[in-house]
Amino acid sequence: MSPQAHTPRELPPVPVQFAASARDASALEALARQARADLERINVPPPAWVLPAEAATDDAPVLDVLVAGAGMCGQTAAFALRREGIVNVRLIDRAPRGGEGPWGTYARMLTLRSPKQVGGPELGVPSLSFRAWYEAQHGADGWAALHKIGRIDWRDYLLWLRDTVGLPVENGVALRKVSHSDDGRLLTAELEDAHGRCETVRTRQLVLALGRDGSGAPRWPEFPSLKRDDAQAAARVFHSADAIDFGAWAGQRIAVLGAGASAFDNAASALEAGAAQVVQFVRRPWLPQINKSKAASSHGFLRGFEALDDMRKWRVYTYIFEQQVPPPWETVRRCDAHANFTLRLATPWHDVAPDQGGVTVTLTDGTAERFDAVIFGTGFDVDLLDRPEIARYTPHIDTWADHVPPEDAQRHAEAARFPYLGTGFELQGTTHGAALRRMRLFNWGATMSHGALAGDIPGLAIGATRLAQAVARDLFVEDADRHWARLQAHTEPELLATRWYRPTD
Ligand SMILES: Cc1cc2nc3c(=O)[nH]c(=O)nc-3n(C[C@H](O)[C@H](O)[C@H](O)COP(=O)(O)OP(=O)(O)OC[C@H]3O[C@@H](n4cnc5c(N)ncnc54)[C@H](O)[C@@H]3O)c2cc1C
């Protein structure tokens, strides 16, 4: 049966979509005031309680937590830490303000895939929700009329939330390298700012919120004639996560590889920038139609998944990965609106050869086609070997390959490369185990161990809260004897003067 057999003659219309709505600064300021009052009403932040680090043998400052990466996950983790009364925290991001994460950089969709009601970064505070942000500016009618959340609206909402809560992000500061003290009780992080200035900070805990690619890198498929460092390739072969000047492609012929959301978004961007022709190639004979991960985003899954035994966890995510996620309906229609767009299913590539005048793509049936440029919409790989920040530890980090039968690990090579995390997102391993347990991986790489708690929006509030509570638990347990001593030394009278008042000695 051909795909056309299922195509209804009249396709339903696509609702209006836009990446950014109009801003109303005074409405947002009023909402921010309300949100701060709401936080005060629920006693956020509670009093700070973490004792100064004991492990340091000198007076140099020690952080309780360094959060590396201030995208959606890092900022929400920092908010959750504050809600636990953990304030000796630094939050850094190598990108400039507004350039954190994909929203204002390499994401090319008009709207989020998620339904507009999605919550997470607000950690359950109604006046910090996206809906409150949108309604403050566009009213209840505006909200009712909104189809899905605009991509730039989402970026600006995250920035507003961060400012409202008062999370001080240090932009332009990159985590370069991590090491640890001899006893494994302190981590040392080497930071570098945008001017190349380096700084070394010590921290008791490190949250690695380095992004969708934060446990790996953009996935570049291998082809016999394609070398990444080839200058011809740099000008004509791109990954969807690259900065791309689509305007330069007006009148050109572009090929896109892949069937996921980003492949379609990039095809649409090329079409809208005036490309003469965009041909998208997909290996499978059909586009995936069903998003299985939706069925794994109930509160049951999000809260309970971590407690499952290894084989059940493995079964769920290897299945979801194998089924693949369909591209959003609106995005496919965005491409299909152009007569010069072609989707070629069941057409895998054998080779990609860039040269001075273009790129030759050879298909597996031996035919060759010429394009001016190609884009790989092939997603992100999970391989900690690709992360220089923790390179020193990579060979020692426990991965799923160590916990499933070798034939399963071979069959699902990427799933097997996911780190095998502890209950508080901590890395694990026998060598350097004490130091590894102080590093918490709060990004897509956590999925095999915790479910989708540190990648997609719906699981974020549960994930960030779990992370922050685990940090609070471990900081307390580490200092338990000092907390005991403080408890004994506590002399604040609670029973004030009565007839039976007895002065304390
Ligand atoms: C195109 C696209 C569309 C998506 N749409 C949706 C959607 O509709 N719904 C949904 O639920 N999810 C969606 N996601 C998935 C997920 O919500 C996003 O990937 C989200 O950005 C994940 O947040 P994050 O904090 O993990 O990563 P990011 O937002 O990427 O943030 C990571 C941050 O870490 C910083 N960083 C990296 N390395 C360093 C370093 N060494 N030092 C300092 N900083 C560093 C980066 O600059 C970045 O700002 C989408 C993802 C993509 C890529």
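Below or above, wherever it landed, is the structure these notes cover. (Residues numbered from 1 in each chain as written. Predicted model: local features only at pLDDT ≥ 70, side-chain atom pairs only at ≥ 80, totals over all residues. Heavy atoms only, no water.)

**Looking at the overall build of the protein chain**
- Along the protein chain, the regular secondary structure elements total 15 helices and 17 strands.
- For the protein chain, whose C-alpha radius of gyration is 25 Å, the value lies close to the compact-globule estimate of 23 Å for 505 residues.
- Reported as C-alpha extents along the three principal axes, the dimensions of the protein chain are approximately 95 × 55 × 45 Å.
- Taking the contacts inside the protein chain whose residues are at least 6 apart along the sequence as the reference set, 75% of them involve residues at least 24 apart.
- For the protein chain, the accessible surface area stands at approximately 24,300 Å², while carbon and sulfur atoms represent 52% of it.
- Positive and negative side-chain charges of the protein chain, numbering 55 and 62 respectively, have mean locations separated by a distance of 4 Å. (Helix = DSSP H or I, 4+ residues; strand = E, 2+ residues; numbered from the N terminus. Rg over C-alpha atoms; globule rule 2.2 N^0.38 Å. Contact = heavy atoms within 4.5 Å. Areas by Shrake-Rupley, 256 points an atom, 1.4 Å probe, with all protein chains shown as cover. Lys, Arg positive; Asp, Glu negative; His and termini not counted. Charge placed at Lys NZ, Arg CZ, Asp CG, Glu CD.)

**Notes on the side chain of His 412**
- The residue His 412 is located in the loop between helix H10 (406-411) and helix H11 (413-417) in this model.
- The residues touching His 412, leaving out its near neighbours within four places in the chain, are Trp 314, Thr 318 and Glu 322.

**Quick notes on unusual backbone geometry**
- Residue Pro 45 follows Val 44 across a cis peptide bond; omega there is 0°.
- Considering the arrangement of structural elements, one finds Pro 45 in the loop between helix H1 (25-41) and strand E1 (62-68).
- The phi dihedral of Asn 43 is positive, around 60°, even though this residue is not glycine.
- Inspection of the secondary structure assignment puts Asn 43 in the loop between H1 and E1.
- A positive phi angle, near 70°, is found at Phe 425, a position not held by glycine.
- Within the element layout of this structure, Phe 425 appears in the loop between H11 and helix H12 (433-436).

**Some points on the nonpolar core**
- Formed by 83 residues in total, the largest nonpolar core has its most connected members in Trp 154, Met 439 and Phe 442.
- Looking at this core element by element, the count peaks at eight residues for helix H14 (residues 460-478).
- Counting residues in each nonpolar core, the second largest holds 21 residues, with Ala 263, Ala 275, Leu 287 and Phe 341 among its members. (Core = buried A, V, L, I, M, F, W, Y, C linked by side-chain atoms within 4.5 Å. Buried < 20%, exposed > 50% of the residue type's maximum accessible area, 1.4 Å probe, protein only.)

**Thoughts on the sheet that holds strand E13 (residues 359-363)**
- The three strands lie next to each other as E12-E13-E14, forming an open sheet whose pairing is antiparallel. The open sheet has two edge strands, strand E12 (349-354) and strand E14 (368-371), and neither has a second partner. If you compare each strand with its neighbour and ignore which way they point, the axes differ by 20° on average.
- Pairing of E12 with E13, which is carried by five bridges, proceeds in the antiparallel orientation. Within E13, the residue paired with Val 352 across the bridge is Val 361. (Pairing = 2+ DSSP bridges. Axes fitted to C-alpha atoms, helices over the stretch in contact; angles between N-to-C directions.)

**Here's the deal with helix H6 (residues 261-272)**
- End to end, H6 covers 16 Å across twelve residues, agreeing with the expected 16 Å (1.5 Å per residue, within 8%).
- For H6, a buried count of nine out of twelve residues is recorded, marking the element as mostly surrounded by other parts of the structure.
- Taken together, the buried positions of H6 are Ala 263, Phe 264, Asp 265, Asn 266, Ala 267, Ala 268, Ser 269, Ala 270 and Leu 271.
- The positive-phi residue at the C-terminal boundary of H6 is Gly 274, with phi of around 100°. (Expected span 1.5 Å × (residues − 1).)

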